[in-house]
Amino acid sequence: MKIGIVCYPTFGGSGVIATELGTSLSRRGHEVHIICYNQPARLYIHDTDITFHLVNVVSYPLFEFPPYTLALASKIYEVIEQHALDLVHVHYAIPHSTAAYLAQMMASHHPTRIITTLHGTDIILVGLDPSYRRVTKFSIEQSNGVTAVSHYLADLTRAEFQVQIPIRVIPNFVDLATFRPQHNPLLRAKYAKPHERIIVHISNFRPLKRVPLLIQLFARILEQVPARLLLIGNGPDYPACVDLVRRYAPHNQVFFLDFVHDVASILSIADLFLFPSEIESFGLAALEALSCGVPVVAFRVGGLPEAIVHGETGYLVEPDDVEGMIKAAVELLQDADRRQAMGERGRRWVEEHFNIVDVTRQYEEFYRHVLSQA
Ligand code: GMT
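Every value quoted in this text rests on a predicted model; they were computed, and no experiment measured them. Here the residue index of a chain counts from 1 through its sequence in written order. Where totals are concerned, whole chains, interfaces and linings use all residues; where local detail is concerned, this predicted model gives features only for residues with pLDDT of at least 70, and gives and counts side-chain atom pairs only at 80 or more. To get the side-chain values, all heavy atoms of the structure are used, and hydrogens and water are removed first.

Draft legend 1. Up close: the layout of surface pockets. Each cavity reported here is a set of points on a 1 Å grid over the protein atoms alone in which a 1.4 Å probe fits but cannot get out, each pocket an open set with protein on both sides within 12 Å along at least five of seven lines, and each lining residue one with an atom within 4 Å of a point. Grid points are joined across faces, edges and corners, and a volume is the space filled by probe spheres set on the points. Taken as a whole, the largest pocket encloses approximately 1,100 Å³ of empty space. Around the largest pocket, the lining is made up of 48 residues, and of these G12, G13, S14, N204 and R206 lie nearest the centre. Runs of H or I in DSSP of at least four residues are treated as helices and runs of E of at least two as strands, each being numbered from the N terminus. Breaking the lining of the largest pocket down by element, the ones donating at least two residues are α1 (13-27), α2 (68-83), α4 (121-124) and α11 (284-291). Ranked by residues supplied to the lining of the largest pocket, first place goes to α1 with 4 residues. Split by residue class, the lining of the largest pocket holds 27 nonpolar, 16 polar and 5 charged. Just so you know, the domain bounds were taken from an automatic or database domain assignment. Residues lining the lining of the largest pocket come from more than one domain, with at least three contributed by each of domain 1 (2-173 + 355-372) and domain 2 (185-353). In this classification, the charged set is Asp, Glu, Lys and Arg, the nonpolar set is Ala, Val, Leu, Ile, Met, Phe, Trp, Tyr, Cys and Pro, and all remaining amino acids, among them Gly, are polar.

Encoded structure:
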């Protein structure tokens, strides 16, 4: 198939899933075109046959806000025209499905189909805002096929938008060869002494990730277990977090690693992945940790129960039960056998349900289904 993929280029989950799906589809012989305003963080262009198309957003003094949706629609149209795409798969509804719909209308002499994958904040936060609600519902319904990354997100979209189009659930996935348990004593020694446990967290430091709360949790955990905290990512709450570390935790116990390319190596030296998000449609970062054999402690919110099996691959604590989260983390950090057993079960769980090859096949099957409806 000739497939266009539209996504955000950042380290965020939707961009990661879109890029890795594109890479996997390309390796399986499909012609893949990625359309984006920057080269996606996880796109290693020289390792694949993927063609990357840059969206050039032209500004003009009159525009307080450059019209990105129009530039994207023009680029999608251009790629459809030049490469006769069978389908355009957009990741994240806003504004990608609207731009794709426009491009499809402009290229109406081509039978190109549009598929939208809903990732989370495009529905939970942004899409439900009155400023975007109607256009989001409209654009989702104009797509020829819609998928969501969890049952939670599919149900929420049906309930909140009353969309008429069926929504297929295709979960997030992990490349098992990259995200795998590794023995890396040198790297471990760089961050912690032998008697200290390592807690890792990865996020974009947006308020819903609750990284400031995480730092306060860590300070409490430190009262019971010698530990270090490794924070990967950056974002709006970053300065507040630096300040909190200064106030609550000995600064040499917390490492801000910012943007790390080799996330899997850091995950593989972790004893625990701590994920106190207020909401997650799925929680790709947690899945990557499980794939590396690291148990996860999170709140029981959104789609996280679809990624983490409570008591088996980690612990799901009732929302806002801060004391419960500290207790679960401390128990795990103090019990090496339990950590090991949970880590092994987590890896098996990912192998069985979320491996990239199986999930790519689910997308291929869905593409064929949508194309057959044309
Ligand atoms: O979590 C974010 O803020 C980033 C966001 C994105 O669109 O990149 O992540 C969303 O999509 C991921 C991939 O499907 C999911 O694993 C995340 O759970 C989801 N984030 C939220 O729902 C908050």
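Draft legend 2. The pairing of strand β12 (residues 296-299), seen in detail. For the exposure calls, accessible area comes from a 1.4 Å probe over protein chains only, and a residue counts as buried if that area is under 20% of its type's maximum, exposed if over 50%, partly exposed in between. Here β12 shows two buried faces, one formed by V296 and A298 and the other by V297 and F299. For two strands to count as paired, DSSP must find a minimum of two bridges between them. The pairing of β12 with strand β13 (residues 314-317) spans 4 bridges and is classified as parallel. Across the sheet, the residue bridging to V297 is Y315, located in β13.

Draft legend 3. Focus on empty space enclosed by the protein. Following the criterion strictly, the structure yields 1 cavity of 30 Å³ or more and no others. The calculated volume of the largest cavity comes to roughly 30 Å³. Of the residues belonging to the lining of the largest cavity, the class tally is 4 nonpolar, 1 polar and 1 charged. Residue assignment places the lining of the largest cavity across two domains, with domain 1 (2-173 + 355-372) and domain 2 (185-353) each supplying three or more.

Draft legend 4. Quick peek at the site of the ligand. Close to the ligand lie 20 residues, the nearest being H119, N204, K209, E280 and S281. For the purposes of these results, a polar contact is taken to be a pair of N or O atoms within 3.5 Å, where, inside protein, one atom must be able to donate a hydrogen and its partner to accept one; residues adjacent in sequence count only when each atom of the pair is a side-chain atom. Within the backbone of G13, an N or O atom sits 2.9 Å from an oxygen atom of the ligand. Between an oxygen atom of the ligand and a side-chain N or O atom of E280, the distance comes to 2.6 Å. Here the accessible surface of atoms and residues is derived via Shrake-Rupley with a 1.4 Å probe, and residues count as covered only by protein chains that are part of the display. Here the ligand has 490 Å² of accessible area as a free molecule, and 96% of this is covered by the chains. Here the ligand is seated within the largest pocket. If you list the elements that add at least two residues to the shell around the ligand, you get α1 and α4. Two domains each put at least three residues into the shell around the ligand: domain 1 (2-173 + 355-372) and domain 2 (185-353). Any residue with a heavy atom positioned within 4 Å of a molecule or strand is treated as near that molecule or strand. Think of it this way: if more than half of a molecule's atoms are within 2 Å of a pocket's grid points, that molecule is in the pocket or cavity.

Draft legend 5. Fine view of the domain arrangement of the protein. For the protein, the assigned domains are domain 1 (2-173 + 355-372) and domain 2 (185-353). For domain 1 versus domain 2, the distance between C-alpha centres works out to 30 Å. With 22 residues of domain 1 in contact, the opposing surface of domain 2 contributes 18 residues. When a carboxyl oxygen of Asp or Glu lies within 4 Å of a side-chain nitrogen of Lys or Arg, that pair is called a salt bridge. Along the contact surface separating domain 1 from domain 2 lie 1 salt bridge. Residue E288 is joined to R42 by a salt bridge in which the shortest nitrogen-to-oxygen separation is 3.2 Å. Where domain 1 touches domain 2, the interface holds 7 residue pairs in polar contact (both at pLDDT 80 or more). Mapped by element, the contributors of at least two residues to the side of domain 1 that touches domain 2 are α1, α4 and α6 (151-161). Taken together, the residues that form the side of domain 1 that touches domain 2 break down as 13 nonpolar, 8 polar and 1 charged. Whether two residues are in contact is decided by their heavy atoms, any of which lying within 4.5 Å being enough.

Draft legend 6. Representation of the sheet that holds strand β11 (residues 272-275) within the structure. Sheet architecture is open: 6 strands sit in the order β10-β9-β8-β11-β12-β13, paired in parallel fashion. Every interior strand has two partners, whereas the edge strands, β10 (254-258) and β13, have only one. Averaged over neighbouring strand pairs, the angle between their axes works out to 20 degrees when direction is ignored. Orientation is described by axes fitted as lines to C-alpha atoms, over the contacting stretch for helices, and by angles from 0 to 180 degrees between their N-to-C directions. Running over the sheet, helix α8 (residues 211-222) touches β8 (197-202), β9 (227-232), β10, β11 and β12 and is turned about 165 degrees from β9. Its contacts with the sheet put α11 on β8, β11 and β12, and the angle it makes with β11 is roughly 170 degrees.

Draft legend 7. Inspection of the sheet that holds strand β4 (residues 87-91) at higher detail. The 7 strands lie next to each other as β3-β2-β1-β4-β5-β6-β7, forming an open sheet whose pairing is parallel. Each having just a single partner strand, β3 (51-54) and β7 (167-169) make up the two edges of the open sheet. Geometrically, the sheet is characterised by an average inter-axis angle of 25 degrees between neighbouring strands, direction not taken into account. The strands touched by α1 are β1 (2-6), β2 (31-36) and β4; relative to β4, the strand with the most contacts, the crossing angle is about 150 degrees. Against the sheet, α2 makes contact with β1, β2, β3 and β4, and its axis sits at roughly 160 degrees relative to β2, the strand it touches most.

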